[in-house]
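For reference, the chains in residue letters:
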Amino acid sequence: MSLVWLVLTPFLGAALVAAVARLGRSHAAWAAGAVTLLALAWLLPLIPTAFAGSTVLQRVGWLPSAGVDLVFRLDGLGLLFALLILGIGLLVILYARYYLSPRDSMGRFYASLLLFMGAMLGVVLSENLIQLLVFWELTSLASFLLISYWQHRADARNGARMALAVTGAGGLALLAGFLLLGEMVGSYELSALLAAGDVIRAHPFYVPMLALVLLGAFTKSAQFPFHFWLPHAMAAPTPVSAYLHSATMVKAGVFLLARLFPALSGTPEWFWLVTGAGLATLLVGAFTALFKHDLKGLLAYSTISHLGLITALFGIGTPLAAVAGVFHIINHATFKAGLFMAAGIIDHECGTRDMRRINGLWRYMPHTATLAMVAAAAMAGVPLFNGFLSKEMFFAEAVGVSATLAWGWLLPVAVTAAGLFAVAYSLRFIHDVFFNGEPIDLPRTPHEPPRWMKVPVEILVVLCLLVGIFPAQTVEPLLSVAAAGVLQAPTPAHDLAIWHGFSPALWMSLIALVGGVLVYVGRRPLFDLYERRIEPHLDAKAIYEYLLGRLFAFARRLTGWLDTGSLPRLLGLFFLFALILGAAGLASDTVPLTGARALLPVDGISLLATLGLIAAALATVVLHRQRFTALILIGAVGLTVALIFIKFSAPDLALTQLSVEVVTIVLLLLALYFLPQESPAESGTPRRLGDGVLALAAGTGAGLLAWAVLTRPYQTIAGYFLDNSLTGGGGSNVVNVILVDFRGFDTLGEITVLALAGLGIYAMLEHLRLPGPARDPQGRPWDADRHPAIMASFTRLLLPLALLVSLFIFLRGHNLPGGGFIAGLITAVALIMQYLANGVAWTQVRLPGSNMHPLIAAGLAIATVTGLASFAFGHPFLTSTFGHVHWPLVGEFELASAMAFDLGVYLVVVGATLLILIHLGAMHTASHEAPSPTKGDN
Amino acid sequence: MSHLVILPVLLPLFAGILLLAVRHAALPLRRALSVTAMLAQLALALLLFIRVSGGEVLVYALGDWPAPFGIVLVADRLAAWLLLITAALAFWVALDAARGEDARGRHFHVLLQWQVFGLAGAFLTGDLFNLFVFFEILLLASYGLMLHGGGAWRTRAGLHYVVVNLLGSTLFLFAVGTLYGVLGTLNMADLAQKVAATPAENVPLVRAAGLMLFGVFALKAALLPLYLWLPAAYAHTSAPVAALFAIMTKVGAYAILRVYSLIFGPGAGPLADLIEPWLMPLALATLALGMFGVLASRRLKQQVAYLVVASAGTLLAAFALNSVEGIAAGLYYLPHTTFAAAALFLLAEAIARRRGEVADRLETGPKIAHARVLGGLFFVAAVASAGLPPLSGFVGKFLLLRAALEHPAAAWVLGVVLAGGLAGVIALARSGSLLFYRPVHALEAVAAPPALAASLVPIAGLLLLGLGLTVWADPVLRAAQATATQLLQPYEYIHAVLGEH
């Protein structure tokens, strides 16, 4: 499991470093270095195996049900990248120790760096594509943290967000591409995928899959036209650029091209897309690099260009081109990391990176200058430096492939032009910075950096030279095994040598070298041209920001247009949606709406009542602005409904409807007190017309639905209730038995709803202070005699009678119309009359325990405990029992456990109703009087 | 008949009653009672989950009345899974509220317990009208919780919430009434059999009722075009309540999954797969509009609320795939998005408390106290919510997309889900950058920032749950696949409820 530990070590190390950083600045660096060495130690024992050409696979398991196991894979390609990541990582850690200033948090830097290192190792050592993607996105996240390291700087924040957005978008495309790949092959594992190239290339989804995967690779490796994020990522501290933007993260894209090379390459689509993007990037990068005044800007565009070169090599698709691509990955990593570090030293010592001001540094830092010049020569592709070798291989491949294409001669011309510009910008880097007169107005006086800051650069530069001069003795074994890993086949014969005779590639190199010098010498007009004609028109960042701005603006407009916080709109949408759904359901051209059931004859009284109901409902709508009138009319509607219940022999429902109606009206009257008697007209005619149409449609729809249901034959489970009510439930009032027994659980829920309503309204009113009107709209003050004596005395007389009625209704409920719910409402009405007639304060004092909370709690508790009691007899919740007891005087009397349940219902109904009414009433009193003594009620 | 099925319903009901009865007791005592009850609820949910994990469907006939005449509770894998998620969430919410939010108004813990009562009942009931009753309990309890603490904005948003949901209840009654009027039963298993055998002359009516029910559930699930009540309501209520409400839209999603797999599922004869043409387009549109809302948000809480909308779209897109893999992906995604959204709501509150006047507005503000810790947590929660690797959000999204490849609308699903993910990344990166990277030092920082440790516990707890979903993704996924398989074979459910018919 050493590969697992290899990848895990940096992640665990990140936490360690963050913890150790509290001890001191150097501790973090030492710890990070130690972690990296430890990771290397995990890798070392596996190197011989990888060199022997075998692939190490280590499986951990994670999500096998979805085809995703964590499997780590080490072959030549993975080994090469792991060495690059760890080796250059180690150098960067050393370098950063001296680069960061005392104000910078060491712990945060090194922890983020190690997170990135772990993620990158994960990318290159993944066997499973989805696992690879996980690490891939982690590199994006870690790079977000690293680029935005200097949080106070706007360019760092924006650069980090841009990099995240672009590479994040690519990552999502890559996910889609990988999903398709997995679908084609039936596995996400490379071992299966790399062997299934023929299946993949022949699959109908090959082209969309390829486009998605390439989108991921191109965004990550900054290929044109997605290259623009990389220069802005230069806002990161230079060690980050040296690591992420030369050797590792941007190489993840080309790594992916290399990794999937056997599976995806070899089609015209691959050739044109990959080579095309690579060449465009190569040219654009090389050309633009020349004109960047910022040292790191030049290096960034140079990196873009070299990434284009590598991409183009993989696009060409021959085995030798792939070898060259791998070789250039190695070379570019070494010289570019060195150059970034050198640029960092210069920036560090001069306080600026502007090449128009940094001149003549040779005199101040000859050692650094020598190192930078060697690395720059490698970048330019000068013989004896490593960049020359791979670049010549690229030229040779370009010439080779051009013979097979129409207009093929363009290819060597283009790559030579790119080489030419590479020479020119490398020359600029050397000449402008180290010679070219004296420094201009530098913030600091430059001098050589600390000894250990140069060591990493020295190591890299020595590598450039060694590889450049003795390629076969140094890099050949590693290159060979890495290329074999790419091709999944033996590496083709290749000859790493400086001299290949007078080949076309040599002539191209010569043209590039001479032409590059000439371009640099004659650069002035070119600069003018670029700065006046090209730069202002070709700003990818501006396009990106414009698009992003448009996206945000569009989102704001759309959301603002939809989410206006308007209740009528919300309700309108709901009605509309319900109508569409209902209409879609009912629409049928074969089935008539009216069912087969025979209609009942219509008698005069029913007709009259119905017409009255319709008239009252219509009048409510028409007169809704006169609130009191509307309230009376809606009361009429409710009472007529009660009459309809009676007509259809449902006395329980009628009783309930009546008492609910009374309580509701009282409640609304109390609430209306706080509102003006007439509500103003708030909506215009179009609005009202629209709402009217919607309302008519909804009403018609509901009517049609009811008509369709009622005209159909009726066959329900009701028969069972009728049959079992007395025998099973112990009551002959089936409605009541349904409420407290058959569907007692519903009732338990509903009384909880009632309790919740009471508590909710209580909580809301508690914080509400509403001013009541002192006068009515005509300017008359309210009657001083608030509690007329006759009414007060009358209601006091009525109270015992009303309570007796409610007790009667309660007790007969199980067998005759009545029950706890109705009895509770009657009690509530009886009590509320006392409040209305005598005032809240007066009643409160005289009604013992008028606090309603315990009543509600007790009611619910009784109902629940009654249900629980059946547990004791081994029956489910709410199982009822009943028996007959003989009471003296009263005689035979039936007792049912459901009656206890009903008592609970009764208490909750009384409690909740009164809680609401009393507090509305108390607020009423408080609004035009000194606060009443109801405070502290709870 | 095991009482275990009903205990998760009775426990919170009883705890609520008890808390109401002892409302004058010392606050710490009531808090302890509430939190303990939530822990016990978690234990019960876990027991039930284990009990049904073998595939058994437990039926509990209330009042000992046989189905379809009495009400039954039915515990299958789906119900137990949702109960477990609810209990885990509610525990952290109760703990968070006990830091002081519960003292800002009356009866917080009573309402909280009854909210859980409503949730448990809704998930367990096997009776359509009883589902309505539990929807009412949920509505009233959530309304009370939403208003908790008071304030003009809260009252306004609460009014919109309650009015539109009461309208939804009315539509629910229309639909249930129609179904009862035509089919003569309310038991869901019985309805499934009766719907499958609907005679041709009644098909349009049953279809209309089924679609109207979909309207009700779409309202609860915050599906386009009915999601507009959500952002304001969630953004203006208190943090623990908003965190709890992360599960509320899932009740709608649950109801859609249950009713349209059981009653109007593949076996429903002339009404098979009733909402198939509706669900996917609406879900994807909801996801898109939710993400536009995330981009457009001017306050952090509003942004999180829109993330909830978008996640509702994602979840229902998964369910709309109507395959074992698709539903399993949704069932994996469901707890992830619930916990992530809850953690983000709590974080938003912790951040807002430290920014003085600016509060959670997405503008430059003062330097935040404890920025390192809060920023780190925000980063983690944002990564999870945006569906970036390696957290549960990514796993959920991956499973969804993987399942979607088989669907005719695969390109749409992939496009919208991935683009939505990108929008989330862009918007959350911007928010994080504004909140943590760009302090204006001229602005006065909050003099005495609230204590950090206590507020971190619930947030960390919720994020750890998400981490658990990531690490143990495989067992969770296997359970989800088993659940989806069970759902798509409703015969087991019907047989368990009605016996041999």
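These figures come from a predicted structure and were not determined experimentally.

Quick look at the overall build of chain B
Here is step 1 of the chain: Helix and strand counts for chain B stand at 20 helices and two strands.
Here is step 2 of the chain: Over its C-alpha atoms chain B spans a radius of gyration of 22 Å, differing by no more than 12% from the 23 Å that the globule rule assigns to 501 residues.
Here is step 3 of the chain: The dimensions of chain B, computed from C-alpha atoms along their principal axes, are 75 × 55 × 40 Å.
Here is step 4 of the chain: Looking at the 501 residues of chain B, the share that counts as buried comes to 71%.
Here is step 5 of the chain: Contacts in chain B between residues at least 24 apart in sequence constitute 79% of all its contacts with a sequence separation of at least 6.
Here is step 6 of the chain: Element-wise, carbon and sulfur atoms account for 66% of the exposed surface of chain B, whose accessible area totals about 13800 Å².
Here is step 7 of the chain: Treating the 29 positive side-chain charges of chain B as one cloud and the 22 negative ones as another, the clouds have centres 14 Å apart.

Regarding the domain arrangement of chain A
By convention, interface size is frequently given as the accessible area that disappears when the constituent parts associate.
Here is step 1 of the chain: According to the domain assignment, chain A consists of domain 1 (1–266), domain 2 (267–521) and domain 3 (735–938).
Here is step 2 of the chain: Look at where the C-alpha atoms of domain 1 of chain A and domain 3 of chain A centre, and you get two points 69 Å apart.

Brief notes about the side chain of Gln834(A)
Here is step 1 of the chain: On the secondary structure map, Gln834(A) appears in helix α36 (residues 820–838).
Here is step 2 of the chain: Not counting the four nearest positions on each side in its chain, Gln834(A) is found in contact with Thr795(A), Arg796(A), Leu799(A), Gly839(A) and Thr843(A).

With respect to the interface of chain A and chain B
Here is step 1 of the chain: Chain A puts 111 residues into the contact, and the matching count from chain B is 124 residues.
Here is step 2 of the chain: Where chain A packs against chain B, one counts one salt bridge.
Here is step 3 of the chain: Its salt-bridge partner being Arg743(A), residue Asp127(B) comes within 2.6 Å of it at the nearest N-O pair.
Here is step 4 of the chain: At the surface where chain A touches chain B, the tally comes to 20 residue pairs in polar contact (both at pLDDT 80 or more).
Here is step 5 of the chain: Its residues assigned to classes, the side of chain A that touches chain B comprises 72 nonpolar, 26 polar and 13 charged.

Concerning a nonpolar patch on the surface
Here is step 1 of the chain: A contiguous nonpolar patch, built from Leu384(A), Ile459(A), Val462(A), Leu463(A), Leu466(A), Ile469(A) and Phe470(A) and spanning about 550 Å² of accessible area, is present on the exposed surface.
Here is step 2 of the chain: Owing to a relative accessible area of 36%, Leu466(A) belongs among the partly exposed residues under this scheme.

A closer look at the pattern of salt bridges
Here is step 1 of the chain: Counted by the stated rule, this structure contains 30 salt bridges over all chains.
Here is step 2 of the chain: Close ionic contact of Glu189(A) with Arg59(A) constitutes a salt bridge, the shortest N to O distance being 2.9 Å. Of this pair, Glu189(A) sits in the loop between α7 (154–185) and α8 (190–194) while Arg59(A) sits in strand β1 (residues 56–59), and the two are 130 residues apart along the sequence.
Here is step 3 of the chain: Arg59(A) sits in the partly exposed class, given a relative accessible area of 46%.
Here is step 4 of the chain: A salt bridge links Arg259(A) to Asp75(A), with the shortest nitrogen-to-oxygen separation between them at 2.5 Å. Of this pair, Arg259(A) sits in helix α13 (residues 249–259) while Asp75(A) is found in the loop between β2 (71–74) and α4 (76–99), placing the two residues 184 residues apart along the sequence. As far as burial versus exposure is concerned, Arg259(A) and Asp75(A) are alike and both buried.
Here is step 5 of the chain: Overlapping salt bridges, with partners in common, bring together Glu101(B), Arg104(B), Lys301(B), Glu349(B) and Arg353(B) in one network.

Remarks on the environment of Ile832(A)
All names here are of chain A.
Here is step 1 of the chain: For Ile832, the location among the structural elements is in helix α36.
Here is step 2 of the chain: Sequence separation between Ile832 and Ser588 is 244 residues, and the spatial gap between their C-alpha atoms is 52 Å.
Here is step 3 of the chain: Excluding residues that lie within four positions of it along the chain, Ile832 makes contacts with Val666, Leu914 and Leu917.

Points about the packing of aromatic side chains
Here is step 1 of the chain: A complete count under the given rule lists 55 aromatic pairs over all chains for this structure.
Here is step 2 of the chain: Linked through ring pairs, Phe577(A), Phe129(B), Phe132(B), Phe135(B), Phe172(B), Phe214(B), Phe217(B), Tyr260(B) and Phe264(B) together constitute an aromatic cluster.
Here is step 3 of the chain: Positioned above the aromatic ring of Tyr520(A), the side-chain terminus of Arg523(A) is 4.0 Å from the ring centre.
Here is step 4 of the chain: The positively charged end of Arg430(B) is found above the aromatic ring belonging to Phe552(A), 5.1 Å away from the centroid.

Comments concerning the nonpolar core
Here is step 1 of the chain: Tyr110(A), Phe178(A), Leu264(A), Phe314(A), Phe745(A), Trp114(B) and Phe217(B) are the most contacted members of the largest nonpolar core, which totals 530 residues.
Here is step 2 of the chain: Top contributing element to this core by residue count: helix α17 (residues 319–350) of chain A, with 19 residues.
Here is step 3 of the chain: If we ignore the near neighbours within four places in the chain, the residues touching Phe217(B) are Leu131(B), Phe135(B), Phe172(B), Gly252(B), Ala255(B), Ile256(B), Val259(B) and Tyr260(B).

Overview of the pairing of β2(A)
Residues and elements named next belong to chain A.
Here is step 1 of the chain: Neither face of β2 is open: one carries Val71 and Arg73, the other Phe72 and Leu74, and all of them are buried.
Here is step 2 of the chain: As judged from the four bridges shared by β1 and β2, these two strands associate in the antiparallel manner. Counterpart to Val56 in the pairing with β2 is Leu74.

Concerning the packing of helix α19 (residues 386–402) of chain A against helix α20 (residues 410–434) of chain A
Residue and element names in this part refer to chain A.
Here is step 1 of the chain: Here α19 crosses α20 at 160°, and the two axes come no closer than 8 Å. Here α19 lies roughly antiparallel to α20, going by the angle between them. You can see that α19 and α20 cross each other, and the crossing is right-handed. Residues Lys391, Phe394, Phe395, Ala398, Val399, Val401 and Ser402 of α19 form the contact with α20, whose own contacting residues are Leu411, Pro412, Val415, Gly419 and Ala422.
Here is step 2 of the chain: Taken together, the residues of the contact of α19 with α20 break down into nine nonpolar, two polar and one charged.

A few points about the side chain of Arg154(B)
Residues and elements named next belong to chain B.
Here is step 1 of the chain: Note that Arg154 resides in helix α6 (residues 152–183).
Here is step 2 of the chain: Glu101 provides the closest opposite charge to the buried, salt-bridge-free Arg154, at an N-O distance of 4.6 Å.
Here is step 3 of the chain: One polar contact links the side chain of Arg154 to the main-chain carbonyl oxygen of His236, over a distance of 2.8 Å.
Here is step 4 of the chain: For Arg154, the contacting residues outside a window of four places in its chain are Met146, Leu147, His148, Gly149, His236, Thr237 and Ser238.

Focus: the confidence of the model for chain B
Residues and elements named next belong to chain B.
Here is step 1 of the chain: Summarising the model, chain B shows a mean pLDDT of 91, and 97% of its residues fall at 70 or more.
Here is step 2 of the chain: Least confident of the elements in chain B is helix α9 (residues 230–236), whose mean pLDDT is 89; most confident is helix α3 (residues 77–97), at 96.
Here is step 3 of the chain: Here the complex is predicted with pTM 0.92, and the ipTM for its interfaces comes to 0.93.

Thresholds, definitions, all that
- Residues numbered from 1 in each chain as written.
- Chains lettered and ligands numbered in written order.
- Predicted model: local features only at pLDDT ≥ 70, side-chain atom pairs only at ≥ 80, totals over all residues.
- Heavy atoms only, no water.
- Helix = DSSP H or I, 4+ residues; strand = E, 2+ residues; numbered from the N terminus.
- Rg over C-alpha atoms; globule rule 2.2 N^0.38 Å.
- Buried < 20%, exposed > 50% of the residue type's maximum accessible area, 1.4 Å probe, protein only.
- Contact = heavy atoms within 4.5 Å.
- Areas by Shrake-Rupley, 256 points an atom, 1.4 Å probe, with all protein chains shown as cover.
- Lys, Arg positive; Asp, Glu negative; His and termini not counted.
- Charge placed at Lys NZ, Arg CZ, Asp CG, Glu CD.
- Domains from an automatic or database assignment.
- Salt bridge = Lys/Arg side-chain N within 4 Å of Asp/Glu carboxyl O.
- Polar contact = N/O pair within 3.5 Å; in protein donor to acceptor, adjacent residues only side chain to side chain.
- Nonpolar A, V, L, I, M, F, W, Y, C, P; charged D, E, K, R; others polar.
- Patch = residues over 30% accessible without salt bridge, like charges linked within 9 Å, V, L, I, M, F, W, Y side chains within 5 Å.
- Phe/Tyr/Trp six-rings, centres within 6.5 Å; stacked < 30°, edge-to-face > 60°.
- Lys NZ or Arg CZ within 6 Å of the ring centre and 35° of its normal.
- Core = buried A, V, L, I, M, F, W, Y, C linked by side-chain atoms within 4.5 Å.
- Pairing = 2+ DSSP bridges.
- Axes fitted to C-alpha atoms, helices over the stretch in contact; angles between N-to-C directions.
- Parallel < 35°, antiparallel > 145°, perpendicular 65-115°, else oblique.
- Left-handed = near helix turned anticlockwise from the far one by under 90°.
- pLDDT = per-residue confidence, 0-100.

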